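# Understanding the architecture of this molecule
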Amino acid sequence: MIKRENLKQAIEEIAKRDPAIGYSLDTMLGAGEIGVSEKTDTGDGVDDLFFLFKGQPVFFKKYLYFQEGTVALEQQLLIKYGELFKKQELQNGSDPVDYRGAAGQIHQAGLRLMVGHEIDYAIARVRKDLKRLETRNGKGAGLKRDRQTGAAPISKHRGRVQVLVDLVSLLESMKRDDRPLLTYLHEDHGPDVPRTQFEGVVEYVTPARFIPFPFCMDALLQVASMNLEFFHVRFLLTCLIQRSKNLLFACVVQGKILGLIFLELKRHYLKKSLEIKYLATVGGLEQIPEALRPQKVKGVGTFLVAGTWLLWKSDFPEVGEVVLNAEIGALRFYRSIGFQPRRPYEYVLKQPRGFLLRSILVMVNNCRKPSTELLEAVNKLIAQQMKWLSKHPRTKATRAHRKIIFAFLKLSVQSRTHPTLADAALKYLFKHRDKLPEARKLLELAAASGWVRLYQAPQPSFQPLLVSYSEDFARHLENIFHLENAKRIQAIQSVLHHPSLEGKWLPIEPRLATVDELSWVHTFEHIERIAQTAGKPLSTLDLDTQTSEKSYEVARMAVGSVFSLIDAIWAGSAKRGFACIRPPGHHAEAGKAMGFCLFNNVALGARYLQHRYGLQRVMIVDIDAHHGNGTQSAFYDTDEVLYVSLHRFPGFPGTGNFSEVGCGKGEGFTVNVPLANGHVDRDFVEIIHYLVQPLACHFKPGMVLVSCGFDLYLHDRLGGMRATPEGYASMSSLLVDIAEQICDGRIVFALEGGYSIKGIQACSLHLIRELCNISSLNRKKLNQIIANPVPKLAALRKAIEIHKKYWPSLT
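This section reports on the structure supplied with the text.

About the criteria used
- Residues numbered from 1 in each chain as written.
- Predicted model: local features only at pLDDT ≥ 70, side-chain atom pairs only at ≥ 80, totals over all residues.
- Heavy atoms only, no water.
- Pairing = 2+ DSSP bridges.
- Helix = DSSP H or I, 4+ residues; strand = E, 2+ residues; numbered from the N terminus.
- Axes fitted to C-alpha atoms, helices over the stretch in contact; angles between N-to-C directions.
- Salt bridge = Lys/Arg side-chain N within 4 Å of Asp/Glu carboxyl O.
- Buried < 20%, exposed > 50% of the residue type's maximum accessible area, 1.4 Å probe, protein only.
- Contact = heavy atoms within 4.5 Å.
- Left-handed = near helix turned anticlockwise from the far one by under 90°.
- Core = buried A, V, L, I, M, F, W, Y, C linked by side-chain atoms within 4.5 Å.
- Patch = residues over 30% accessible without salt bridge, like charges linked within 9 Å, V, L, I, M, F, W, Y side chains within 5 Å.
- Areas by Shrake-Rupley, 256 points an atom, 1.4 Å probe, with all protein chains shown as cover.
- Lys, Arg positive; Asp, Glu negative; His and termini not counted.
- Charge placed at Lys NZ, Arg CZ, Asp CG, Glu CD.

### Quick word on the sheet that holds strand 13 (residues 505-508)
- Across the sheet, which stays open at both edges, the 8 strands sit in the order 13-12-16-21-20-17-18-19 with parallel pairing between neighbours. A strand with exactly one partner marks an edge of an open sheet, and here the two such strands are strand 13 and strand 19 (670-675). Between one strand and the next, the sheet's axes are offset by a mean angle of 15°, whatever the strand orientation.
- In terms of strand pairing, strand 17 (residues 618-622) meets strand 18 (residues 641-648) through 5 bridges, oriented parallel.

### Looking at the pattern of salt bridges
- All told, the structure shown has 31 salt bridges when counted by the stated rule.
- In this structure, R127 and E172 form a salt bridge, with 2.6 Å as the shortest nitrogen-oxygen distance. Taken as a pair, R127 in helix 5 (residues 103-140) and E172 in helix 6 (residues 158-175) lie far apart in primary sequence, 45 residues in all.
- For R127, a relative accessible area of 44% corresponds to the partly exposed category.
- Residue classification places E172 among the partly exposed residues on the basis of a relative accessible area of 29%.
- The residue D472 makes a salt bridge to R475 at a minimum N-O spacing of 3.4 Å.
- Each of K271, E321, R342, R343 and E346 takes part in one network of salt bridges that share partners.

### Brief notes about helix 9 (residues 233-241)
- Of all the 9 residues making up helix 9, 9 are buried; the element is thus mostly covered by neighbouring parts of the structure.
- Within the span of helix 9, buried status applies to V233, R234, F235, L236, L237, T238, C239, L240 and I241.
- R243, located one to two residues past helix 9, shows a positive phi value of around 60°.

### Thoughts on the environment of S764
- Note on placement: S764 falls in helix 25 (residues 757-771).
- When its relative accessible area of 0% is taken as the criterion, S764 is described as buried.
- Considered as a pair, S764 and P212 are 552 residues apart in the sequence and their alpha carbons are 47 Å apart.
- Contact partners of S764, with chain neighbours within four places excluded, come to I492, V495, F710 and G759.

### Some words on the packing of helix 23 (residues 681-699) against helix 26 (residues 779-786)
- At a minimum axis separation of 10 Å, helix 23 and helix 26 run at an interaxial angle of 65°. When you trace helix 23 past helix 26, the crossing you get is right-handed. Listed contacts from helix 26 to R682, V685, E686, H689 and Y690 of helix 23 are L782, I785 and I786.

### Things to note about unusual backbone geometry
- Going from R582 to P583, the amide bond is cis rather than trans, its omega being 0°.
- Across the junction of F649 and P650, the peptide omega takes the value 0°, indicating a cis bond.
- One can find P650 in the loop between strand 18 and strand 19.
- Phi at L477 takes a positive value of approximately 55°, unusual for a residue other than glycine.
- On the secondary structure map, L477 appears in the loop between strand 12 (465-468) and helix 17 (487-495).
- Look at L477 and you get buried, because its relative accessible area is 5%.

### Let's talk about the nonpolar core
- Ranked by internal contacts, the top residues of the largest apolar core, which has 261 residues, are F213 and F231.
- With 12 residues, the single largest contributor to this core is helix 20 (residues 551-570).

### Looking at the sheet that holds strand 7 (residues 256-268)
- Within the open sheet, the 8 strands sit side by side as 4-5-6-7-8-9-11-10. Their pairing is mixed. The open sheet is flanked by strand 4 (198-202) and strand 10 (339-343), the only strands paired with a single partner. Each adjacent strand pair in this sheet contributes to an overall mean axis angle of 35°, direction not counted.
- Inspection of the sheet shows strand 8 (residues 271-281) paired to strand 9 (residues 321-325) by 4 bridges, in the parallel sense. Among the inter-strand pairings, I276 is bridged to a residue of strand 9, identified as L324.

### Section: a positive patch on the surface
- A surface patch of like charges, here positive, comprises K387, K391, K427, K431 and K435.
- Listing elements by their share of the positive patch, those giving two or more residues are helix 13 (372-391) and helix 15 (419-432).
- Its place among the elements puts K387 in helix 13.
- Classification of K387 by relative accessible area gives partly exposed; the value is 39%.

Here it is, written out as structure tokens:
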């Protein structure tokens, strides 16, 4: 229980560094505005200690008080004083005050006062050390000069002095730093401060970073607001001063810190170990205003331990084990991920298990250049899990654990970044397949992988259509009325279960595109703008384009779906792919979301082909009723991507006229066919036959990407065209034929628009049947259309006339 003397002592400590605030707090203590309660708890189940400030309980952690003394009281007093000062400032203003709306602003003012106070205290500590070293250097100045050179003696403390001077400069700049954490992470802070250590996921799909703690004002404010068990602001700044910051790490999700871990290198006789000294995740934030409250996310603790495991295998090969002294309340969690007891309260990570396995593998797959030691350690994990499955029969008791291991092995055989992991998984899979009920499914997944070639697996007599889709796409604009809603992809998913398509397609698991990959097309400012909407129920980017809590990660998954299809096709698993994704992408520009689009899925797919596979020529065909302004602008000045679009004009977004042909090296590589309302199947078929085909034959792309909108359908509410499902079958058949002729059949269709659910179902069934070689086309009718030596469509003839000077094959 807190006593009045404890508060008095804390106020005296504050007064030593800021007499004015100390005097004000002491006055409030004397007037009874700050005090203690006779009750030991507030009756709401909160086990923390508390004192009273203006009659309201202020909570702080027991552990912090018992370990650090008055530090917890000092910090909470400063926060409440800063809030009080901000309230008075708002009251004295001319505008009426909405305290409920201003709660976040008021709390932020309190946090900033406390953090600033702690930084000043840290600066004073460093300057005290600096003065002591300078005094020693001054004494050294009276030493005798070197007899041979006559040079003045060099102080052995000179390097340490410079370190302290730089530290003071860093702390002072930190106080003036108003950048959001996401902006800070995108900037380069020199070779000694890595931006990202490892990337993984929490909550199964939400992107997260395991990074050295980012010492900036926003990060300190976030930690101050969390009231974590071990990690208070003074502790963090002490880590910085004592140069132990390299063992302090954070889990960062979309610019928000959701957990912290502090490690310590220990030696026991001749054995070195890496101890998890402290670990804390977001929780118990009910006292924080909702506007500032970080989102509580599952899996953060597992994510932090996974990052520690990778750090151990990558950076500390001389360390023999990871250990911890666990609290009783956390024992169940630590045991579930593989820690085993060794001494009383001491646990050692013998072998990762449970959800830690998957978290480790996701991080490794996201590593660009993992160390050999790390890959060998993961291969060993794969072997251990295979052996476990082979030795433990499938029973009710082992069902849950087998499911977790299967998810881990599934990621292993589908690894498209490090083939050595897939090779290791297959090696043990073939060895133990007779004992593994899951072997057949894993082999099927391996056959569709982007890196693995199964020499012993039976090859199908046909190449199936690869389809990338996920139930998670429904989480974008979930429970929000919008034209671009989940029913669109659910309509296509229902088509995939049509009896005629059974056994004709294979699912490809989508992945999340990284921020660096998104930056191939989009600015970091745009990516950050979308990322900042995460966790918010509804954000409006323009009149048409909104986001919800999960839109950022769903949009990254949409891009990653295109990447996954490209990987699988390039590995030879199949030739054709369909990305059943949302939100659409072809309107998204480098720095702007619009037209329901957040990131440009197909433009990023073209960049992926260039960066990942070194393709020098990619062709994009846009068959959406609206012009793909974002795709056009992404490649307007390059001759490496040929963009062809048929669309309604005039109409949204107002671009795509005949005269837009590209600029510089890209002149002639943007081909637009603007169409008035009401065009029919024959017109679209003519455009593909008389324009797209000769362009493709001349350009010779390594792959064709199709922005596929179903809003050309005659009853679509936004399209204004009169295409039928048979028209979509004709278009897809011609495009597949072009790909077969030019680039060995490699083609990917990615969903764009289409806002008639009935139209999406009918048109997608006809299109997907063509992609699966189940043709229902009237070939005689199609041949009659393309038999004419010249097209009948006037807009097409005009487009050919404009572009034949760039492409002689059009004459």
